[in-house]
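The chain contents come next:
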Amino acid sequence: MAELTVAGTYAKALFDVAKEAGKIELIEEELDSLKSIFEKEQDFQRLIESPTISVKEKKDVLQKVFEGKMEEELLNFLYILVDKGRSNQIERIIRKYKDEVAEFKNFSNGTIYSAAPLKKEKVAEFEEQVSKLLSKKVKLENQIDEKLIGGVKILVEGKVIDASVKQELSDLLKKLQN
């Protein structure tokens, strides 16, 4: 729980800087790119998060990789995370930053879990349905959950909409037992 509070605090600080600089969307895009780099280059992520590598070495690597290719505000923010020993919080901070952007733009981010990847059109249909349900614009990110037999499970603002086959079977079993 403390990690979420830390991530939220740092995300809010980055959002405030981005807002002041008029770069909310640009910083969000660069955070998405950073997340993608970490997913593809896990050795790079481990290096940045490693407690055994010195702060100076980490900052040198960040400078060589990102200087001139990333907004100065975001690069300075990464330096601060390294200085404060919080580089292991980057992924949580990215999620919380997206929440800050969503709140600012009056919409909610959510996750739609499915057994297989969903087409963009299908995700858009679910976004529309959930938006009507919550009376708020909703943006969903599709993630694969191999435990699902079929159907979907949606998580938005701490609420779960379970339209999975497993849940439907469970509901049917309960009806049959009554």
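See the structure printed just above.
In short, a report on the structure. (Residues numbered from 1 in each chain as written. Predicted model: local features only at pLDDT ≥ 70, side-chain atom pairs only at ≥ 80, totals over all residues. Heavy atoms only, no water.)

1. A few points about helix α7 (residues 120-134)
Phase 1: Taking 1.5 Å per residue as the helical rise, α7 with its 15 residues ought to reach 21 Å, and the 21 Å between its terminal C-alpha atoms agrees with that figure.
Phase 2: The positive-phi residue at the C-terminal boundary of α7 is Ser135, with phi of around 55°. (Helix = DSSP H or I, 4+ residues; strand = E, 2+ residues; numbered from the N terminus. Expected span 1.5 Å × (residues − 1).)

2. Overview of the packing of helix α3 (residues 42-49) against helix α4 (residues 55-66)
When two helices pack together, their arrangement is given by the angle between the helix axes and the distance between those axes.
Phase 1: Between α3 and α4, whose axes approach to 9 Å, the crossing angle comes to 140°. The orientation of α3 relative to α4 falls into the category oblique. Pair α3 / α4 crosses with left-handed handedness. Along the contact surface, α3 presents Phe44, Leu47, Ile48 and Glu49, while α4 presents Lys58, Val61, Leu62, Val65 and Phe66.
Phase 2: Among the residues making up the contact of α3 with α4, the classes are represented as seven nonpolar, no polar and two charged. (Axes fitted to C-alpha atoms, helices over the stretch in contact; angles between N-to-C directions. Parallel < 35°, antiparallel > 145°, perpendicular 65-115°, else oblique. Left-handed = near helix turned anticlockwise from the far one by under 90°. Contact = heavy atoms within 4.5 Å. Nonpolar A, V, L, I, M, F, W, Y, C, P; charged D, E, K, R; others polar.)

3. Things to note about the pattern of salt bridges
Phase 1: Tallying each qualifying case throughout the model produces 15 salt bridges.
Phase 2: Of the charged contacts in the structure, one is a salt bridge between Glu125 and Lys122, with a shortest N-O distance of 3.4 Å. Separated by three residues within a single helix, Glu125 and Lys122 lie in helix α7, roughly one turn from each other.
Phase 3: Under the relative-accessibility criterion, Glu125 is labelled partly exposed at 40%.
Phase 4: When its relative accessible area of 37% is taken as the criterion, Lys122 is described as partly exposed. (Salt bridge = Lys/Arg side-chain N within 4 Å of Asp/Glu carboxyl O. Buried < 20%, exposed > 50% of the residue type's maximum accessible area, 1.4 Å probe, protein only.)

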